[in-house]
Amino acid sequence: MSAIVTITFNPALDKSTSIAELIPDKKLKCTRPVCEPGGGGINVARAIKKLGGEAIAVYPAGGEAGENITRLLTEETVSTLAIPIKNHTRENLVIADQTHQKQYLFDMPGPSVSKQELEQCLNAIAGIHDVAFMVVSGSLPPGVPPHVFETISSIARTKNAKLIVDTSGDALKDAIKAGVYLIKPNLTELALLAGKDKLNSASIGHAATEMIAYGKCEVIVVSLGGLGAILVTKDLEMSLTPPALATKSTVGAGDSMLAGIVLGLMKNTSLADAVRYGVACGSAATLRPGTELCTKKDADDLYSKIVIKNIREYHVS
Ligand SMILES: Nc1ncnc2c1ncn2[C@@H]1O[C@H](COP(=O)(O)OP(=O)(O)OP(=O)(O)O)[C@@H](O)[C@H]1O
Ligand SMILES: [Mg+2]
């Protein structure tokens, strides 16, 4: 079977702990930390596994945190292709304040990746056979310039693989310039891409449609948190809305959503149904506490409850 490859240029070992209350200038007693492998693409690969699929996670890894990421992914039976780097992989901190039921996410800077190490990453990706989807998700660390997407896009084309990108700022701009199949910006990321301060619900479709007509991107899925998503292609625009949910934590919702979309596409369902599954998976992740990703059961239960509405449809004869 063809493979799904996820690429995470800036992985992290996510350390979660909880404290009674976040108070300055005080020694705060933490519970024993729980470590999880993290970073966009790594989380997408983990969510795909939880949903019953398979993906190969490609990422640079350095030092003990890098080794721990590979060990933890292997324990979750996620296939890994780690490229050794000299600098140490970052460790992020997630702190839950029990008194206020709030979560604080401390996102550390990633280690610098050398030119040679980046080339090794790209060669490793180019060396994977029979790839159906390449998913690049997360930020770029120092040493990985936004124009890396020129090479990634050209590798995807050579492989006849569909490139899916979930990132922001210049990296997302360069990805579209180079050519992608699908992007999944949230509202802030889409506004930045469109060069607007803010977008309202009426202008989302317009901004996405312009981007599709202009650039080299076929599908835009704009994620809207609790409001679900808007799917835009040159032929259609539709909204996909989840029911109101008692959410526990929205961390990992975007990654779970992407996992659902790719798995849906892999199963050759229609684009709308793949995005519907993505919305179900994203919403399923919000039912779980902390950094937990979606479960297959929650996603499958939610799938039929996602309401789809056509906003625009072109019938090409
Ligand atoms: N409060 C919520 N209630 C129900 N579903 C939600 C909620 N927040 C997020 N989701 C689901 O998760 C999907 C992705 O969420 P969101 O738009 O917040 O992505 P994101 O900003 O990329 O998230 P992330 O912070 O994980 O990168 C949404 O389309 C929706 O399906
Ligand atoms: Mg996101």
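See the structure shown above.
Residues numbered from 1 in each chain as written. Chains lettered and ligands numbered in written order. Predicted model: local features only at pLDDT ≥ 70, side-chain atom pairs only at ≥ 80, totals over all residues. Heavy atoms only, no water.

*Asks:* In this structure, what is going on with the overall build of the chain? I would like to understand it.
*Replies:* Across its full length, the chain holds 10 helices and 14 strands. Once the C-alpha set of the chain is aligned to its principal axes, its extents read approximately 65 × 45 × 40 Å. Put simply, the chain has 317 residues, and 53% of those count as buried. Long-range contacts, defined here as pairs at least 24 residues apart, represent 66% of the contacts in the chain between residues at least 6 apart. (Helix = DSSP H or I, 4+ residues; strand = E, 2+ residues; numbered from the N terminus. Buried < 20%, exposed > 50% of the residue type's maximum accessible area, 1.4 Å probe, protein only. Contact = heavy atoms within 4.5 Å.)

*Asks:* What exactly am I supposed to notice about the state of the cysteines here?
*Replies:* Going through the model one piece at a time under the given rule, you end up with zero disulfides. Cys30 takes part in no disulfide bond, and the closest cysteine sulfur to it belongs to Cys35, at a distance of 13 Å. With no disulfide of its own, Cys294 lies closest to Cys281 among cysteine sulfurs, the gap being 4.5 Å. Look at Cys294 and you get buried, because its relative accessible area is 0%. (Disulfide = S-S within 2.5 Å.)

*Asks:* Help me understand unusual backbone geometry, please; the structure alone is not making it clear to me.
*Replies:* Among all residues save glycine, negative phi is the norm, and among peptide bonds the norm is trans. Located in the positive-phi region is Asp25, a residue other than glycine, with phi close to 60°. By secondary structure assignment, the location of Asp25 is in the loop between β2 (12-19) and β3 (34-38). Look at Asp130: it is not a glycine, yet its phi comes out positive at around 55°.

*Asks:* Quick question: what am I supposed to make of helix α6 (residues 187-194) here?
*Replies:* One full turn of an α-helix is made of 3.6 residues, so residues set three or four places apart face in the same direction. Every buried residue of α6 is listed here: Glu189, Leu190, Ala191 and Leu193. Those residues of α6 that are buried are in contact with β9 (162-166), α5 (169-178), β10 (180-183), α7 (201-214) and β11 (217-223). You can read the cap of α6 off the contacts: a side-chain oxygen lies 3.3 Å from the backbone nitrogen of Thr188, and it is on Asn186. After α6 finishes, the residue Gly195 shows a positive phi value of roughly 70°. (Polar contact = N/O pair within 3.5 Å; in protein donor to acceptor, adjacent residues only side chain to side chain.)

*Asks:* What's the story with the environment of Pro11 in this structure? I'm lost.
*Replies:* Considering the arrangement of structural elements, one finds Pro11 in the loop between β1 (3-7) and β2. Measuring from C-alpha to C-alpha, the distance between Pro11 and Ile311 comes to 37 Å, with 300 residues separating the pair along the chain. Discounting residues that sit within four places of it in the chain, Pro11 has contacts with Gly38, Gly39, Ile42, Tyr59, Pro60, Ile69, Thr89 and Arg90.

*Asks:* It is not clear to me how the site of ligand 1 should be interpreted in this structure. Could you clarify?
*Replies:* If you check the shell around ligand 1, you find 18 residues, and the closest are Asn186, Ser223, Gly225, Gly228 and Gly254. Between ligand 1 and Lys184 there is a distance of 3.0 Å, counted from an oxygen atom to a side-chain nitrogen or oxygen. A distance of 3.5 Å is found between an oxygen atom of ligand 1 and a backbone nitrogen or oxygen belonging to Leu224. Taking 630 Å² as the accessible area of ligand 1 by itself, protein coverage stands at 78%. Secondary structure elements with two or more residues in the shell around ligand 1: α8 (253-266) and α9 (271-286). When residues of the shell around ligand 1 are assigned to their parent elements, the largest contribution, four residues, is made by α9. For the shell around ligand 1, the per-class residue count stands at five nonpolar, 12 polar and one charged. (Near = heavy atom within 4 Å. Areas by Shrake-Rupley, 256 points an atom, 1.4 Å probe, with all protein chains shown as cover. Nonpolar A, V, L, I, M, F, W, Y, C, P; charged D, E, K, R; others polar.)

Geometry only, nothing functional implied.
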